[in-house]
Amino acid sequence: AGDQNLFTSIYPTLSQQLPREPMEWRRSYGRAPKMIHLESNFVQFKEELLPKEGNKALLTFPFLHIYWTECCDTEVYKATVKDDLTKWQNVLKAHSSVDWLIVVVENDAKKKNKTNILPRTSIVDKIRNDFCNKQSDRCVVLSDPLKDSSRTQESWNAFLTKLRTLLLMSFTKNLGKFEDDMRTLREKRTEPGWSFCEYFMVQEELAFVFEMLQQFEDALVQYDELDALFSQYVVNFGAGDGANWLAFFCQPVKSWNGLILRKPIDMEKRELIQRQEAALLDLRSYLFSRQCTLLLFLQRPWEVAQRALELLHSCVQELKLLEVSVPPGALDCWVFLSCLEVLQRIEGCCDRAQIDSNIAHTVGLWSYATEKLKSLGYLCGLVSEKGPNSEDLNRTVDLLAGLGAERPETANTAQSPYKKLKEALSSVEAFEKHYLDLSHATIEMYTSIGRIRSAKLVGKDLAEFYMRKKSPQKAEIYLQGALKNYLAEGWALPITHTRKQLAECQKHLGQIENYLQTSSLLASDHHLTEEERKYFCQEILTFASQQSDSPGHRIVLPMHSFAHLRDLHFDPSNAVVHVGGILSVEITVCSQMPIPVHMEQIAVNVHFSIEKNSYRKTAEWLTKHKTSNGIINFPAETSPLPASQNSLPALELYEMFERSPSDNSLNTTGIICRNVHMLLRRQESSSSLEVPSGLALEEGAHVLRCSSVTLEPGPNKIAFRTQAREPGTYTLRQLCASAGPVWFVLPHIYPIVQYDVYSQEPQLHVEPLADSLLAGIPQKVKFTVTTGHYTIKNGDSLQLSNVESMLILCQAENRAVVYSNTREQCSSALLRIQSSDKVTSISLPVAPAYHVIEFELEVLSLPSAPAARGESDLLGTPEPHRKHKDKQKTSHSMVTTDHKVSIDCPWSIYSTVIALTFSVPFRTTHSLLSSGTRKYVQVCVQNLSELEFQLSDSNLVDTGDSTDLQLIPLNTQSQQRIYSKQPVFFVWELKWTQEPPPSLRCQFSMRFSPASDERLSVSLKPYTYEFQVENFFTLYNVKAEISPPSGMEYCRTGSLCSLEVSITRLSDLLEVDKDDALTESEDYFSTRLMYEVVDNSSNWAVCGKSCGVISMPVAAQATHRVHMEVMPLFAGYLPLPDVRLFKYLPHHSAHSCQLDADSWIENDSLSVDKHGDEQLDSSSVKSRGSMHSASSSEHKGLPMPRLQALPAGQVFNSSTGMQVLVIPSQDDHVLEVSVT
């Protein structure tokens, strides 16, 4: 408004300067600020241009009203300008417009011409006072806008800043109001009468505004929201919740000229939408064209391709959901044209290098266009063998008519989508050219980006095209390639479909073997219907029944598609048979054919081999190392799916939780696969799995056959029988089933199946029935005769050599049992046993080869005990102290005796020697007991076996025939039972009238029998034990006596007590006294003895000298007394200390020359002759060492006197078992009492 001429003069500069500087645009709802350049359209003020109430147009909305004036005269201002401004302001107020600006232009030229003008500020001030009372910034001054000066430039900068600010404020305010109105309109979409087309125009106007501001992303969001809103309504309509306005889009499709992407705005389709006359394809085409334009502005052409593919597929589904009537082929034309239009539009804005590197985004459109062109070709009869008929031609004309005239923008383009489609539908040759070009280009693109599955799918369509064109040789290449890929990756349904196509192709090509192999696979494929499976099975049977032109020609097919081997059963179950034996093999074959199939022959090829290590193929070894049940199960056949499917790793699934970082609340949950990179890898096999396998039939002499077998669907049992002829190992290699010239072959039977044929030498095995044979009682022994290849004839017998200490007992009821090789009893017969002095003959029953004869015999070994130990174990000495545990263990084990028997067998010229080990069930020991001069012999019998025995008639005799010696038994029971691990003791008293002999030889005997009630058929020999007793006469009596201190009645702990030891000689000189210790004087003989007082129980402390050497007269009742002091250490009844006697041998004796390591004890000047295993207590030895410490250094390294322990039978300690009462001392606080 205002001075129009003034604005006209300023407009060029204003239009250039306004968009030059960017402004920060801050929007509501927390949206990020953006820098924009303002471009404005200035229109002369007219009241009719002001928006009326309810007008939602945003593009034509006047955002800012500007009044221009260059008035410098007050009179002029009052006369005209003020009134004009007032009128302008009133009009704006009437239309509720508050966005205005008054611009006062100062011109120096007019200022010079007017002399009576007021300063500029007076006019500006008047305007501000009259119109800008509260908004003084709404009046600005522009000084000399047409001059080129610094003052003018500053004025322009201030003016432009104010103008941009006010303009952006007004735009933001009105844009927000527009958005609010638009949301309100959208929220009314559930009300009757709401129109999507009206709402579309409103939101698109907002998109136009954003596009005008070059905010293409915001503009694209508006179209995406419209797209999503419309799609949701279509989905709801398909679910039964339809909106009334959708009826406009359900009108039949009359035009299918594809997308139009070469115009920024398709005004023709926009007007249809505005008039609510647009069809579904019109709305979708216009909406996508706008999205495409904005995406190209945003330089995202590959998103255009992605969205286009989604649009085309969704449009097809939306037409079905809305039940829109579409002529046949119309939608295919629309999709084909749209795909090419999008591709050409992308090619127009990208160079070839970019297109080649982004094939992955566009190849989907190429594939979809190829698919739709194929559908059009089939629809219009361009693929049939005879070409299109009249009906096909009429359909083609109708489709071309629906395309309409070519659009002007593509009329001059040689390869426009319109021209390509029209040319492709014009003739058979043109269609083939275009279709093959598209197909090959698509396959090449898919292959280059690694999408092999998609490439093979297009190849299958090509194969179908070639089959219709009667070119099966070209189709086979694509079908084999697709099948190879599906097999490698395990796609079951595509495998079945491709095999059906391949079977048809192979049948046309006359590839009989390949066709039969594919037919067998299809006949066993459960993804086909029963009728289809029967058809392919019948194809095989038909060919098998035909007469072959070349007799002997075989077609070998793999068996896995025809049948599979489930299990195999041997009889005998261990798959071991002897030469001449019968072996049965029963296999279970599961037929996968849908109908019964008659096979002329089923055969198993067997490979024969001889084991190099023949010793491992004996009957015994084979029996132990072969399976016992005879059933071998075979793994289930993996169907046509490859092994790679089975070898894939297992899914590694894990729970996944996402929580809010602020309050840790659960936002989302799900599962993730951590090894998806392993599972989704493409598996490429090295060769096709469907080519003829080239199976080789093994021809050999060993074949198991079964003729004329009908295999029913499911499991079938087939039995084979064979007679073993040659020993060795037979391996089942191949399973073949033949029907005419067709042979189904299982090339390798796995796991390995073998049976063994053996030739065995006769054997005799003898073993006891119990864990161990006991001597003295009848024991059963089992004889096992394995006949092997030898036949036992009548009169054959075993000749056993007799052993003196072992008897073979003959019983009338002994029977021999004959078993077959499989442990089945064949017969039994009584054993005939004949015995002579040297040989026992056992007649064997008649038995064929490879049988087993078993019988039992009773044998009896004479009981005997080992001789008693010699001089080192004189009776009466205590049991030696054993240092090693193994000696203790062996002392409690039974003594064994081996009896070797020589057996002559009828099948061998050599004798067989067997050893039978018998254990003596008893362990016998003896000991000498003394009571003064009276002597007793004790015999201990310990039962080491597990049986119980009845003992009787125990007897002890002197084998030395001494007339003056009597053995008087003290045993009261005549019979006694001895249990397992229990000892029994027998005692005899020795009595003599004259001087006793130096040694006594005895024999102990007793009868024994098992405690069971069974009556024995033979009388048992008594058990005997011989031993020798030496030096058993008592020579010395030792007596010890302890007296309390004087003045005390009892001994007290800690007080010294008197110990008196009396050593008394009980006899005169005897033969045993004549040794080196004996000294002869004038009137009598004497011997040197050493005594030692030892308290092993530590009850007494010996004070002073504890040992010494005495000269003892060799005369009856000669007595030597020794006094010493002892101190009791404990209170109670204490046993007396032990007193030991030794013979003191001089160093020049014969014994002293036999020195060993034990002869030198520490620094002692005495050597001790340990009698047997007897050891002197080390403490006593140390005490002796202390006595002779002075002389020890003198005799070091020289022979020293020796000590010889007196046998226990020659010394009687009458104080043994006596005790002394010791009372505690009065000042003891802790009372220790020793109880023994």
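About the thresholds
Residues numbered from 1 in each chain as written. Predicted model: local features only at pLDDT ≥ 70, side-chain atom pairs only at ≥ 80, totals over all residues. Heavy atoms only, no water. Helix = DSSP H or I, 4+ residues; strand = E, 2+ residues; numbered from the N terminus. Buried < 20%, exposed > 50% of the residue type's maximum accessible area, 1.4 Å probe, protein only. Contact = heavy atoms within 4.5 Å. Axes fitted to C-alpha atoms, helices over the stretch in contact; angles between N-to-C directions. Parallel < 35°, antiparallel > 145°, perpendicular 65-115°, else oblique. Nonpolar A, V, L, I, M, F, W, Y, C, P; charged D, E, K, R; others polar. Pairing = 2+ DSSP bridges. Left-handed = near helix turned anticlockwise from the far one by under 90°. Expected span 1.5 Å × (residues − 1). Phe/Tyr/Trp six-rings, centres within 6.5 Å; stacked < 30°, edge-to-face > 60°. Lys NZ or Arg CZ within 6 Å of the ring centre and 35° of its normal. Salt bridge = Lys/Arg side-chain N within 4 Å of Asp/Glu carboxyl O. Polar contact = N/O pair within 3.5 Å; in protein donor to acceptor, adjacent residues only side chain to side chain. Patch = residues over 30% accessible without salt bridge, like charges linked within 9 Å, V, L, I, M, F, W, Y side chains within 5 Å. Areas by Shrake-Rupley, 256 points an atom, 1.4 Å probe, with all protein chains shown as cover. pLDDT = per-residue confidence, 0-100.

**Q** Help me out: how do you make sense of the overall build of the protein chain in this one?
**A** A count of helices and strands for the protein chain gives 28 helices and 52 strands. Going through the 1236 residues of the protein chain one by one, you find that 46% of them count as buried. Taking the intrachain contacts of the protein chain between residues at least 6 apart in sequence as the baseline, contacts between residues at least 24 apart amount to 74%.

**Q** I tried to follow the packing of helix α6 (residues 196-212) against helix α8 (residues 267-274) on my own but got confused; where do I start?
**A** For any two helices packed against each other, the geometry comes down to the angle between their axes and how far apart the axes lie. Between α6 and α8, the least distance of the axes is 9 Å, while the angle of their chain directions is 135 degrees. Here α8 runs oblique to α6, going by the angle between their axes. Listed contacts from α8 to Cys197, Phe200, Met201, Glu204 and Phe208 of α6 are Arg270, Ile273 and Gln274. Partitioning the contact of α6 with α8 into residue classes produces five nonpolar, one polar and two charged.

**Q** What is the right way to look at the environment of histidine 553 in this model?
**A** With respect to the helices and strands, histidine 553 occurs in the loop between α22 (530-545) and β6 (555-558). Distance from histidine 553 to proline 741, taken between C-alpha atoms, is 6.4 Å for residues 188 residues apart in sequence.

**Q** Would you take a moment to explain the pairing of strand β52 (residues 1219-1223) for this structure?
**A** For a regular strand, side chains alternate in direction, first toward one face of the sheet and then toward the other. The two faces of β52 differ: Val1220 and Val1222 on one face are buried, but Gln1219, Leu1221 and Ile1223 on the other face are not. As defined by bridge partners, strand β40 (residues 1051-1052) adjoins β52 across two bridges and the pair is classed as parallel. When the bridges of β52 are listed, arginine 1052 appears paired with isoleucine 1223. Relative to β52, strand β47 (residues 1132-1135) runs antiparallel, the two sharing four bridges. If you follow leucine 1134 over to β52, its bridge partner there is valine 1220.

**Q** What is the right way to read the environment of valine 709 from this model?
**A** Counting through the fold element by element, valine 709 comes out in strand β14 (residues 703-711). The spacing of valine 709 and alanine 737 is 28 residues in sequence and 9.4 Å in space, taken between C-alpha atoms. If near-sequence neighbours (up to four positions away) are discounted, valine 709 is found in contact with Val597, His598, Met599, Ile602 and Ile718.

**Q** Quick question: what am I supposed to make of the sheet that holds strand β38 (residues 1023-1030) here?
**A** Note: strands within a sheet are paired through backbone hydrogen bonds, in either parallel or antiparallel orientation. Strand order across the open sheet formed by four strands is β35-β33-β37-β38, with antiparallel pairing between neighbours. Among the strands making up the open sheet, the edge pair consists of β35 (975-978) and β38. Here the average twist between neighbouring strands, direction ignored, is 35 degrees. Where strand β33 (residues 949-958) meets strand β37 (residues 999-1010), eight bridges bridge the pair, whose relative direction is antiparallel. Looking at the pairing, valine 957 lines up with glutamine 1003 of β37.

**Q** What is the right way to read the side chain of serine 738 from this model?
**A** With respect to the secondary-structure elements, serine 738 resides in strand β16 (residues 728-739). In this structure serine 738 comes out as buried when scored by relative accessible area, which is 3%.

**Q** Mind showing me how you'd approach the packing of helix α19 (residues 472-489) against helix α20 (residues 492-509) here?
**A** One way to put it is that α19 packs onto α20 with a least axis distance of 9 Å and a crossing angle of 150 degrees. The angle between the axes of α19 and α20 places the two elements in the roughly antiparallel class. Read as a crossing pair, α19 and α20 show a hand that is left-handed. Packed against α19, whose contacting residues are Pro472, Gln473, Ala475, Glu476, Leu479, Gln480, Ala482, Leu483, Tyr486 and Leu487, the element α20 presents Pro494, Ile495, Thr498, Arg499, Gln501, Leu502, Cys505, Gln506, His508 and Leu509 at the interface.

**Q** In this structure, what is going on with α19? I would like to understand it.
**A** Since the α-helix packs 3.6 residues into each turn, any two residues three or four apart lie on the same face. Look at α19: 25 Å from first C-alpha to last across 18 residues, which is about the 26 Å you get at 1.5 Å a residue. In terms of burial, α19 is largely enclosed, as 13 of its 18 residues are buried. Trailing α19 by a residue or two, glycine 490 shows a phi angle of about 80 degrees, which is positive.

**Q** Which parts of the structure should I look at to understand the packing of aromatic side chains?
**A** For any two aromatic rings, the description comes down to two numbers: the centre-to-centre distance and the angle of the planes. Applying the stated rule across the entire model yields 34 aromatic pairs. Clustering of aromatic rings is evident, with ring pairs tying together Trp194, Phe196, Tyr199, Phe200, Phe230, Tyr233, Trp245, Phe249 and Tyr286. The ring centre of tryptophan 743 lies 4.2 Å from the NZ or CZ of arginine 554, which sits over that ring. Over the ring of tyrosine 1036 we find arginine 1065; its NZ or CZ atom is 5.2 Å from the centre of that ring.

**Q** Just to check I follow, could you spell out the pattern of salt bridges for this structure?
**A** It is possible for side chains of opposite charge to pair when their charged atoms get near one another. Tallied over the entire structure, the rule returns 36 salt bridges. Measuring nitrogen to oxygen at the nearest pair gives 2.5 Å for the salt bridge that ties arginine 284 to aspartate 227. Of the two residues, arginine 284 is situated in helix α9 (residues 280-297) and aspartate 227 in helix α7 (residues 216-238); the sequence distance between them amounts to 57 residues. There is no split in this pair, since arginine 284 and aspartate 227 are both buried. The partner of lysine 374 in a salt bridge is aspartate 461, with the nearest N and O atoms 3.3 Å apart.

**Q** Looking at this model, I keep getting lost on the sheet that holds β52. Mind explaining?
**A** The strand order across the open sheet formed by three strands is β40-β52-β47, and the pairing between neighbours is mixed. On the outer flanks of this sheet lie β40 and β47, each paired with one strand and no other.

**Q** Looking at this structure, I do not really get the side chain of threonine 370. What am I missing?
**A** Relative to the helices and strands, threonine 370 resides in helix α13 (residues 359-379). With relative accessibility at 4%, the residue threonine 370 sits in the buried group. Side-chain polar atoms of threonine 370 contact the side chain of threonine 442, separated by 3.2 Å.

**Q** How should a nonpolar patch on the surface be read in this particular structure?
**A** The grouping of Leu651, Leu653 and Ile671 at the surface amounts to a nonpolar patch, some 320 Å² of accessible area in total. Here isoleucine 671 lies in strand β13 (residues 666-673). Given the relative accessible area of 61%, isoleucine 671 is considered exposed.

**Q** Sorry, what's going on with the confidence of the model for the protein chain here?
**A** Segments scoring low in pLDDT should not have their predicted coordinates read at a detailed level. For the protein chain, the average pLDDT comes to 81, and 82% of its residues sit at 70 or higher. Across the protein chain, element-level confidence peaks in helix α17 (residues 428-448) with a mean pLDDT of 94 and bottoms out in helix α27 (residues 1178-1187) with 36. Across residues 684-693, where pLDDT falls below 50, the model places 22 contacts with residues more than four positions away in sequence or in other chains.

**Q** Which parts of the structure should I look at to understand helix α14 (residues 390-403)?
**A** For α14, spanning 14 residues, the distance from its first C-alpha to its last is 20 Å, which sits close to the expected 20 Å at 1.5 Å a residue. Turning to α14, the residues buried within the fold contact α11 (330-349), α13 and α16 (417-424). With a side-chain oxygen lying 3.3 Å from the backbone nitrogen of glutamate 391, the N-terminal cap of α14 falls on asparagine 389.

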